[in-house]
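Analysis of the macromolecular model
One letter stands for each residue in the lines below.
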Amino acid sequence: MALQCGIVGLPNVGKSTLFNCLSNAKAQSANFPFCTIEPNVGVITVPDERLNNLAEIDKPKRVIPTTVEIVDIAGLVKGASKGEGLGNKFLANIRETDAIIHVLRCFDDDNITHVDGSVDPVRDKEIIDTELQLKDLETVESRIAKVEKMAKTGNDKKAAKTFELLQKYREALMQGQSARVVNMEPLAKKEYLSDLFLLTYKPIMYVCNVDEASVKTGNKYTQALHDAVKTENAEVLIIGAGIESDIAELESYDERQMFLEDLGLEEAGVAKLIKSAYRLLNLKTYFTTGPDETRAWTFREGMKAPQCAGIIHTDFEKGFIRAEVIKYTDYTTLGSESACRDAGKIAIEGKEYVVQDGDIMHFRFNV
């Protein structure tokens, strides 16, 4: 399930440094705009203690975590919607992603140039919001031009409904709001506007890149951003990209933990970010486990057992018979599949079963 989060932001806010920490990829990181011109893609392992615990029980030959893709996209500048800077390339790259991680500079450093001359994360956020909104408005206006005549003069009910929904988006965008704030039934959007792909409809998370002194408590810049986005229902994370870079260079787990303890942190910022990105994409995890392999599998919340079986192999979905399901807490408490079977903790589920996060699955199929 190749789903992507795109890392965006103005030039020189720490996007590529953060990306390098996440993926150990070598995206060029330098003190000048547009050092990242082609999007860099990193396949990131999602930290999950449940996978480790299951592996401790079954002692498998292989342990395979689930992953999410992170894309580092070139910095955007004011006027991108009109093609300024690398605007068109930026907008094309972000359109291909499923969610947005917006990195904002929340630290002072005279040695690092800010493209607009001063540190102001709220202003920076609004610059990117405006450019994405303008591009979306262009998309909506273009679609309205195609359906308006049919909606007003004919008996085309679908065109009329599409026009009505487009008007809602147009009104919000004209007021400087993002498409994601429009209250619209998901089924209506899927039926009438499934191919619209608005940039500002994508789920978003704001990442405040701070200095070491602010990594635990934040600062005036992070507080200002919190206040600015409180009505957006968006997650805000505080991360020190420079600190994360230092942590990434430490070779052993113990060294990294000591470093975190010295800073008063329980977990590395990149681990929090990866988990948050996973949630942002509305993803969950189920497991398969045994002596050969313990593995985490990614699925979208709400998927049923046959669909989840198809993630392993399409034949599993085509020939689905049933699923044997053990809850994670039962497995780790009782200590084995056989113990769960003896205790009556294995549920037999059919095609309508909605898989839950943490389920341990065994699919029965016949092709």
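Nothing here was measured: the structure is a model prediction, and the numbers come from that model.

Conventions used here
- Residues numbered from 1 in each chain as written.
- Predicted model: local features only at pLDDT ≥ 70, side-chain atom pairs only at ≥ 80, totals over all residues.
- Heavy atoms only, no water.
- Phe/Tyr/Trp six-rings, centres within 6.5 Å; stacked < 30°, edge-to-face > 60°.
- Lys NZ or Arg CZ within 6 Å of the ring centre and 35° of its normal.
- Axes fitted to C-alpha atoms, helices over the stretch in contact; angles between N-to-C directions.
- Helix = DSSP H or I, 4+ residues; strand = E, 2+ residues; numbered from the N terminus.
- Parallel < 35°, antiparallel > 145°, perpendicular 65-115°, else oblique.
- Contact = heavy atoms within 4.5 Å.
- Nonpolar A, V, L, I, M, F, W, Y, C, P; charged D, E, K, R; others polar.
- Buried < 20%, exposed > 50% of the residue type's maximum accessible area, 1.4 Å probe, protein only.
- Polar contact = N/O pair within 3.5 Å; in protein donor to acceptor, adjacent residues only side chain to side chain.
- Pairing = 2+ DSSP bridges.
- Patch = residues over 30% accessible without salt bridge, like charges linked within 9 Å, V, L, I, M, F, W, Y side chains within 5 Å.
- Areas by Shrake-Rupley, 256 points an atom, 1.4 Å probe, with all protein chains shown as cover.
- Salt bridge = Lys/Arg side-chain N within 4 Å of Asp/Glu carboxyl O.
- Lys, Arg positive; Asp, Glu negative; His and termini not counted.
- Charge placed at Lys NZ, Arg CZ, Asp CG, Glu CD.
- Disulfide = S-S within 2.5 Å.
- Core = buried A, V, L, I, M, F, W, Y, C linked by side-chain atoms within 4.5 Å.
- Expected span 1.5 Å × (residues − 1).

Moving on: the packing of aromatic side chains. Taken as a whole and judged by the stated rule, the model has five aromatic pairs. Connected via pairs of aromatic rings, a cluster forms that spans Tyr286, Trp297, Phe299, Phe320 and Phe363. The aromatic ring of Phe107 is capped on one face by Arg105, whose charged end is 4.6 Å from the ring centroid. Its guanidinium or amino end placed over the ring of Trp297, Arg295 lies 4.0 Å from that ring's centre, counting from NZ or CZ.

Contact geometry of helix 4 (residues 121–153) with helix 7 (residues 220–229) gives a least axis separation of 8 Å together with a crossing angle of 45°. Judged by the inter-axis angle, helix 4 sits oblique to helix 7. Of the residues in helix 7, those touching helix 4 at Pro121, Val122 and Lys125 are Tyr221, Ala224, Leu225, Ala228 and Val229. For the contact of helix 4 with helix 7, the per-class residue count stands at seven nonpolar, no polar and one charged.

In this section: the environment of Cys21. The residue Cys21 is located in helix 1 (residues 15–23) in this model. What makes Cys21 buried here is its relative accessible area of 10%. Taking the C-alpha atoms as reference, Cys21 lies 8.5 Å from Ile247; in sequence the two are 226 residues apart. Not counting the four nearest positions on each side in its chain, Cys21 is found in contact with Ala241, Glu244, Ser245 and Val270.

Positionally, Thr162 belongs in helix 5 (residues 157–174). For the pair Thr162 and Glu191, spaced 29 residues apart in sequence, the C-alpha separation works out to 9.1 Å. Among all residues touching Thr162, those that are not within four sequence positions of it are Val147, Tyr192 and Leu193. In this structure the side chain of Thr162 is engaged in a polar contact, spanning 2.8 Å, whose partner is the backbone oxygen of Lys158.

Below, the discussion takes up the sheet that holds strand 1 (residues 4–8). The sheet built from six strands is open, its strands ordered 2-4-1-5-6-7 with mixed pairing. Strand pairing shows two members of the sheet lacking a second neighbour, strand 2 (40–45) and strand 7 (235–239), which therefore form its edges. Within the sheet, the average angular offset between the axes of one strand and its neighbour, ignoring direction, is 25°. Note that strand 5 (residues 99–105) and strand 6 (residues 204–209) share six bridges and pair parallel. If you follow Ile101 over to strand 6, its bridge partner there is Met205. Running at roughly 40° to strand 2, helix 1 makes contact with strand 1, strand 2, strand 4 (67–72), strand 5, strand 6 and strand 7 of the sheet.

Time to look at a negative patch on the surface. A cluster of acidic side chains, namely Asp108, Asp110, Asp211, Glu212, Asp246 and Glu249, defines a negative patch on the protein surface. Along the polypeptide, Asp211 turns up in the loop between strand 6 and helix 7.

Taken as a whole and judged by the stated rule, the model has zero disulfides. Of the cysteine sulfurs around Cys208, a residue in no disulfide, the closest is that of Cys106, at 3.9 Å. Residue Cys208 is classed as buried on the basis of its relative accessible area, which comes to 0%.

Right, let's talk about the pairing of strand 4 for a bit. Extensive coverage of strand 4 is indicated by the burial of five of its six residues. Alignment of strand 2 against strand 4, held across six bridges, turns out to be antiparallel. Residue pairing for strand 4: Val43 is matched across the bridge by Glu69.

As a further point, take the nonpolar core. Formed by 57 residues in total, the largest nonpolar core has its most connected members in Cys5, Leu18, Leu22, Ile70, Ile101, Tyr206 and Leu273. Among the elements that line this core, the one with the most residues is helix 10 (residues 269–280), at six residues. Each residue touching Leu18, except ones within four places of it in the same chain, is listed here: Val103, Val207, Ile239, Ala241, Val270 and Leu273. With 20 residues, the next largest nonpolar core counts Leu165, Ala172, Val182 and Tyr192 among its residues.

Further remarks concern helix 10. Its twelve residues give helix 10 an end-to-end C-alpha distance of 16 Å, which sits within 8% of 16 Å, the value for a rise of 1.5 Å per residue. Taking burial as the measure, the twelve residues of helix 10 include nine buried ones, the bulk of the element. Within the sequence span of helix 10, burial applies to Gly269, Val270, Ala271, Leu273, Ile274, Ser276, Ala277, Tyr278 and Leu280. Immediately beyond the C-terminal end of helix 10, within one or two residues, lies Asn282, with a positive phi of roughly 65°.

What follows concerns the side chain of Ser276. Among the secondary structure elements, Ser276 is positioned in helix 10. The residues contacting Ser276, other than those within four sequence positions of it, are Met205, Glu235 and Leu237.

Here we take up the side chain of Asp72. Tracing the backbone shows Asp72 in strand 4. Buried within the structure, Asp72 lacks any salt-bridge partner; Lys15 is the closest side chain of opposite charge, at an N-O distance of 5.1 Å. A polar side-chain atom of Asp72 sits 2.8 Å from a polar atom in the side chain of Ser16.

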